[in-house]
Amino acid sequence: MRPYFEKMDPFGKELKKGELKRTESNIKEIKDAEEVIEEAVEKIKHIGLPTEKINSRGQMTVWQRLEYLVDEGTWCPLHSLYNPLDNEEGSTNVVDGIGKISGKWAIIIGFDNKLMAGAWMPGQSENILRITDLSKRLNLPLVWIVNCSGAKLPEQEKFYANRRGAGTPFFRHAELEQMGIPILAGIYGTNPAGGGYQSISPTILFAHKNCNIAVGGAGIVSGMAPQGGFDLEMAESLIEKAKTHKAKPPGSVKTHYDSTGFFRYVYEEEKEVLDGLKDYMKDMPAYNPKFFRVAEPKAPAYPDDDIMRLLPIEPKRTYNFDQILARLVDGGEHSEFRPDYGPEVYTGICKIDGFLVACIANRQGYLGKGYPEYADYPGIGGKLYRQGLIKMNEFITLCGRDRLPIIWFQDTSGIDVGDIAEKAELLGLGQSQIYSIQQTDVPMMLVVLRKGSAAAHYVMGGPTANRHNAFTLGTVATEIYVMHGETAAVASYARRLVKEKEAGNPLDPVIDNMNALAEKYHEKSRPLFCAKHGLVDEIVNLKNLRKYMVAFTGGAYQNPKSICPQHQMILPRIIKG
């Protein structure tokens, strides 16, 4: 199959001087917007105690531990701004992402020990579920940096119980282990109650000499016999008990290394714990990359700075998606599937770091005379029509057959609507696409370049509608909503306008409500909102998109659960004809 993959079809072209000059303002807008995101992320990194304070106690912060643990240049953070329950601290108190340790990809998560000593917080369990889902989807080891003081008790009702509550990650750890996915845990500090469970539920425990894990901590032991309230005498008694347990918290290394044997290893220095994790990662099951690479890795053919020129931050401006993709994939090469059919979507196979991936995307702009063929109105890119849905269904199914991971690029205003569209079976074709995605059982990654709206957001690799979405990225141009705010205002208030007009009443109050709704949609679809509420897993600088694509693709091929030998693939042969 070397002739199919070693040199694929070139696409894309260099930007002309006029294009460079014309897009300077777009670059400035994007850089300014990305700076806002970066400032918000930096703010999260500095919550809690200062780094100097933690270091003065002889401890490293979670950020320092990650910097030491993860191979340089491979860290791809996720959920940096995730805070769905609006914690006043601005964080769910865990830091996570994908990166290499000792040359192998891993899913990595750690408690932020600068904030409340790494306590459980509202929204944290959902964050952990997302990261365990990612480990399961890519079949990659999960590496924990545990340093958890237990629950933030004053707000326990927000996260302790329920189907997706704080106990669920323990079940998920068992599930991963049953699937053969190992979980490594480096354990620091005092970890009572929930922190103790997070410590014990991984597969292999690497302990620092000063850590402990326990069913309950000093505070819990001191208050295990409720008396119906508190008085001065009880307060004095609690003070004495707390002093006793503070001096010697339960579950120390002496207990769990010498007696129970739960700790596999104990280390004197903080960095030695991380060295232990690194050493074990060397032995994780993984194919040598040469097993799946179809060609030597190549850099993209064009500068990545160009993407800031090519993707308009203004949502109504059109652009050439193929030009963007050519700056993300190896050598600016691809093999496009059915280029003359369903022009509103791009489908093709490309190379990322020498590995084959499938790419699917919306195209923008006027789609040409006579399209869609079933209607008397013009087709506009960003919307899905009959041919595009049929093409994607075919392509997705073939990707599943050939075991190709899929990267989606979304900039969609929805699926064509109306009686004509219904007769063209778009509703059924959309659901067929959900079925096609689900039956593939291949990992998928989504980039919402700009718009993610209506059912098209679901059917084009959206995390809502499939189990195979590893993670979703947004950009500073991303906006996600069921429909545009002005469209929603019309749908909500058009009949009210008619009634008020017929009744002879002033229209201004209704118009005010329409404007308020449109503004609400705008505010609740922006990148920061999307990141905070989990509509995307991370807002990424445009220059870093390829870095995440490399991580996703490398992770997908590191230890796949099933294989299609290269010479038995059918999709490249179908493309060639």
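The rules behind these values
Residues numbered from 1 in each chain as written. Predicted model: local features only at pLDDT ≥ 70, side-chain atom pairs only at ≥ 80, totals over all residues. Heavy atoms only, no water. Helix = DSSP H or I, 4+ residues; strand = E, 2+ residues; numbered from the N terminus. Expected span 1.5 Å × (residues − 1). Buried < 20%, exposed > 50% of the residue type's maximum accessible area, 1.4 Å probe, protein only. Arc of directions from axis to C-beta. Polar contact = N/O pair within 3.5 Å; in protein donor to acceptor, adjacent residues only side chain to side chain. Contact = heavy atoms within 4.5 Å. Domains from an automatic or database assignment. Buried area = accessible area lost by both parts, 1.4 Å probe. Salt bridge = Lys/Arg side-chain N within 4 Å of Asp/Glu carboxyl O. Nonpolar A, V, L, I, M, F, W, Y, C, P; charged D, E, K, R; others polar.

S.K.: Can you walk me through helix H17 (residues 426–440) in this structure?
M.R.: Over its 15 residues, H17 extends 21 Å from the first C-alpha to the last, a length consistent with the 21 Å expected when each residue adds 1.5 Å. Turning to H17, its buried residues number three or more, namely Leu426, Leu429, Gly430, Gln433, Ile434, Ser436, Ile437 and Thr440. Within H17, the buried residues cover an arc of 160 degrees as seen down the axis, which keeps them to one side. For H17, the exposed residues set more than 90 degrees away from the buried face come down to Leu427, Gln431 and Tyr435.

S.K.: In this structure, what is going on with the side chain of Ser525? I would like to understand it.
M.R.: Along the polypeptide, Ser525 turns up in the loop between helix H20 (508–523) and helix H21 (527–532). By relative accessible area, which is 0% here, Ser525 ends up buried. Only 2.9 Å separates the side chain of Ser525 from the backbone oxygen of Tyr521, close enough to count as a polar contact. Setting aside its immediate chain neighbours within four residues, Ser525 contacts Thr478, Glu479, Ile480, Tyr481 and Cys530.

S.K.: I keep staring at the domain arrangement of the protein chain and nothing clicks. Help me out?
M.R.: One widely used convention gives an interface's size as the accessible area the parts lose upon coming together. Domain annotation of the protein chain identifies domain 1 (47–215 + 250–282), domain 2 (289–478 + 527–576) and domain 3 (483–525). Put simply, the middle of domain 1 and the middle of domain 2, counted by C-alpha atoms, are 33 Å apart. In this assembly, 25 residues from domain 1 lie in contact with 26 residues from domain 2. Looking only at domain 1, the three residues that lose the most surface to domain 2 are Trp105, Arg137 and Leu138, adding up to 30% of its buried area. For the pair domain 1 and domain 2, the number of links is 3 salt bridges. The closest approach of N and O atoms between Asp537 and Arg130, which form a salt bridge, is 3.0 Å. Our count for the domain 1 to domain 2 interface comes out at 13 residue pairs in polar contact (both at pLDDT 80 or more). If you tally residues by element for the side of domain 1 that touches domain 2, the top one is helix H6 (residues 124–138), at 5 residues. For the side of domain 1 that touches domain 2, the residue count by class is 14 nonpolar, 6 polar and 5 charged.

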